[in-house]
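Architecture at a glance
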Amino acid sequence: MANVFFGDDPKMATKNLPPDIVDKIQVFDDLSDQSKFTGFDDGNRVKTINITTKKNMRKGYFGKLVAGVGSDETYDESFNIQKMNGDQQISVVGQGNDVNKQNFTVQDFLGGGNGGGRGGGGGGKGGGGGTTTGSGITTTWAAGTNYRNSLGKNGDITGSYFYNSQHTVTDQNSLTQNILTADSSTFNNRVNSSIRANQNNRINLNIEDKFDSSNSFVFRPNISFQHTTPVSTSTTETTTGTTSGKFVNKSDNNTTGINTGYNINGTNLQFRHRFRKKGRTMSLDMNVSASTNDGSGYNYAVNDFFVPITKIDTINQYYISSSHAFTFSPTLSYTEPIAKNQMIELNYNYSNSHNVSTNNTYEMSNVTKGYTTFDSLFSNSYNYSNISNRATLNYRIQNPKYNFSMGSGIQFTSQSSVNTTKNITVNHDFTNFTPTVNFQYNFTRTKNLRLNYNGRTGQPSVTQLQPLTTTSDSINFQVGNPNLKPQFTHSLRVLYTSFDPLTQHVLFITVNASTIVNDIQSSITQNANGGKTTTSVNLNGTYNISGYVNYGFPLRKPKSNLNFTTNVNYSQAQTLVNLQSDYTRNTTLSETIKWTTNLKNNFDMNFASTTTYIIARNSLQPTLNSNYYTQTLSVEATAYTNNGWILAGDFDYTYSGNHAAGYNTSIPLLNPSIAKQFLKNKAGELRLTVFDLFNQNVSVTRTVSENTIVDQRTNVLTRYAMLTFTYNLRQFAGKQQRMPNPLRSLLRGQGGAAGAGGGMRGGGNGGGRRN
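Residues numbered from 1 in each chain as written. Predicted model: local features only at pLDDT ≥ 70, side-chain atom pairs only at ≥ 80, totals over all residues. Heavy atoms only, no water.

Bringing unusual backbone geometry into the picture now. Between Val-307 and the following residue, Pro-308, the backbone shows a cis peptide bond with an omega angle of -5 degrees. With respect to the secondary-structure elements, Pro-308 resides in the loop between strand E12 (281-305) and strand E13 (311-339). In this structure, Asn-100 is a non-glycine residue whose phi angle is positive, near 65 degrees. When you line up the elements, Asn-100 lands in the loop between strand E5 (88-97) and strand E6 (137-151). For Asn-423, which is not a glycine, the phi torsion comes out positive at approximately 60 degrees. Note that Asn-423 resides in the loop between strand E17 (402-419) and strand E18 (424-433). (Helix = DSSP H or I, 4+ residues; strand = E, 2+ residues; numbered from the N terminus.)

Put into structure tokens, the structure is as follows:
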């Protein structure tokens, strides 16, 4: 049996398991549950981690207590306790720190923001997950519990509850270049400070039961609750020509808000039945989701305009927003064998979605001295419904050497949007096709080739279709387009996998390509006040092609593993700028080399190097064509002594150049530590760590999109020292041992990656499966 902890969080499942109770770890691309049941490969892969514990260590408990205090009032406290009794597993975790650590994944966030008004602003970014190098300064308090047990011989139940509270302080400077015409641009120089407090409660449940060999069901409800209070202050200066050119406008913004809500996401109820005839199956999959998000807040802004005339526009608003959404979507599937190794699948899906959104904005009245003047320009409420019916027919043939399936579906969709603020109704009916082709050829048991193609239709959103003019800052405006057509995406993926169990050579090659017909893109027009008016239009010429190659093999002298990863990506997209076509073409070349080794019994060292070269081209302004280069180097080394001393350090160097002045980086980041293990079986450890010894840590990013180039600098944690005491709880048969190198590599995210695909396995399985 693969013992799994912490629901669908594989990071916790691996991070908190002692190495001496682990029998084996498998990381692989798995089929979806429905594909495995019906025998039809839908082309989707889910990255799955399967952790099997040793049979003689499935009864007892283990855990870890960590208490840390540091300089500059930093602290880092955490605990985790797990109990195992055969199939029963109980886990409890908790943490509190102000050094941007997030020891388990936070999910089901509802988001939030201003919800309306003209003040601009918004929340900042949170801290880094599980590291101390994230942008902003985040204080985290979190706790959770997980329970798993068997329901008789054929069933499992897993449940978890997590609470997370984060308080993030973010200071950002950004420079945005807006491409307007063939010979002109505007620059937005923005300084923003924000404080965002977020509380999240998440409950997951997974029940699986096989009534008998022919019937089974799965029930996977999960729900989250969130409360967020964002506060933001920003100043934006817009110039034309150059960064020090003529002033166009200036905006000072202050926003505060409160957002609360819940999200019932992926309430999944599946009934499955196998008939006596092999290959004949029937399944009913019912998905229900519901969410609410209620917010309110204040927007205050002073906008200075210098062109075409000089004027000052003061905005003082209060907004009330809410969103209530509900979706019901059952799917009925039937498979029937039609010949030897051949079958067909009939699939029908009905989907009904409804969303009621309210956004009322009130201006401060000079007469009443209160927020009593309803602002219809910045208020936008609507009722939206989407009803679709989809029928699909698939054919599959399978033998030991190859597996081929193809099919297509037809979907009829009706959309209705009623803007209750402006009394505008927009109705649309669409007919969509969903072709799929999947092919797999097995050269050997450890060498295969997979090819997947699918075509999917993307519908315009409600706001894109509404024939309205809206704004959030009285500088930039958005206009809906009721004549938008759906976009259609063709996607192709080719994956080659090879593993030689004798030589331990691993090779993964992936090629992905996609093109979009009637792509929904932006048409941007420059306004006289220096802002922009943006509307959505259908354009062609959007495509993307990427390649990924991963090759790894062991070395005998010194005993180690060497891994090479190559990434190549080319993309093109078209937009309209002042009714002129603007093509953005970006090429990214990246090479990563990793070397992981145990040079001696008491010394480990790991090395990684990533070189990235970006070639950015713009058809409207060729003078903006640029090449960007980044280089990262990483070294980790740990030395052990027989009497319990540990000397460790990791060094990261990051360089990026050819950015705007003030946004180039050269960062040497050194984190040394020294530790002493003591007590029986070395259960206790006292460690002194210095983060960012040279005090050089910074966060600088560059984002190149269709019409903008954004350079951004964000505050980060800098040098501090931390003294931590760790106590390991353990009551199992067997002898405690130092963590073997393969497991440590996995926990650092450096091993076991098996090709491209989706995220870690979701649902209540927690990334593992029963054997």
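On we go from here.
Take the pattern of salt bridges next. Taken as a whole, this structure holds seven salt bridges when the rule is applied. Residues Asp-156 and Arg-148 are paired through a salt bridge, measuring 3.8 Å at the closest nitrogen-oxygen approach. On the accessibility criterion, Asp-156 (11% relative accessible area) is buried. Through salt bridges that share partners, Lys-277, Arg-280 and Glu-336 make up one connected network. (Salt bridge = Lys/Arg side-chain N within 4 Å of Asp/Glu carboxyl O. Buried < 20%, exposed > 50% of the residue type's maximum accessible area, 1.4 Å probe, protein only.)

Now for the environment of Met-406. By the secondary structure assignment, Met-406 is in strand E17. In the structure, Met-406 is positioned 29 residues away from Pro-435 in sequence and 7.7 Å away in space, judged by C-alpha atoms. Ignoring sequence-local partners within four residues, the contact set of Met-406 consists of Leu-393, Asn-394, Tyr-395, Thr-436 and Val-437. (Contact = heavy atoms within 4.5 Å.)

The next point concerns the nonpolar core. Taken as a class, soluble globular proteins show a tendency for nonpolar side chains to be buried jointly. If you look at the biggest cluster of nonpolar residues, it comprises six residues: Val-99, Leu-669, Phe-691, Leu-717, Tyr-720 and Met-722. Leu-175, Ala-660, Tyr-663 and Val-700 belong to the second-largest nonpolar core, a separate cluster that totals five residues. (Core = buried A, V, L, I, M, F, W, Y, C linked by side-chain atoms within 4.5 Å.)

The next thing to look at is the pairing of E18. Sheet faces and side chains relate simply in a regular strand, where the side chains alternate between the two faces. Summarising the sheet, E17 and E18 pair through 10 bridges and their orientation is antiparallel. Across the sheet, residue Ser-417 finds its bridge partner in E18, namely Val-426. Connecting the antiparallel pair E17 and E18 is a turn made up of four residues, with Asn-423 showing a positive phi of about 60 degrees. (Pairing = 2+ DSSP bridges.)

What follows is about the pairing of strand E25 (residues 519-526). Both E25 and strand E26 (residues 532-539) contribute to a ladder of eight bridges, which runs antiparallel. Considered in E26, the bridge of Gln-521 is made with Val-537. Linking E25 to E26, which pair antiparallel, is a turn of five residues; within it Gly-530 sits at a positive phi near 95 degrees. Taken together, the two bridges between E25 and strand E28 (residues 560-577) define a ladder with parallel strand orientation. Note on E28: the bridge partner recorded for Ser-523 is Leu-576.

Now for empty space enclosed by the protein. Summary: where empty space remains is shown by rolling a probe the size of a single water molecule over the atoms. A complete count under the given rule lists five cavities of 30 Å³ or more for this structure. Considered as a void within the structure, the largest cavity measures approximately 90 Å³ in volume. If you go around the largest cavity, you meet 13 residues; those closest to its centre are Ala-616, Arg-617, Asn-618, Val-704 and Ile-709. Where the lining of the largest cavity is concerned, the elements lending two or more residues are strand E29 (580-600), strand E30 (603-618) and strand E36 (708-714). (1 Å grid on protein atoms, 1.4 Å probe; cavity = no way out; pocket = protein on both sides within 12 Å on 5 of 7 lines; lining within 4 Å. Points joined across faces, edges and corners; volume = space filled by probe spheres on them.)

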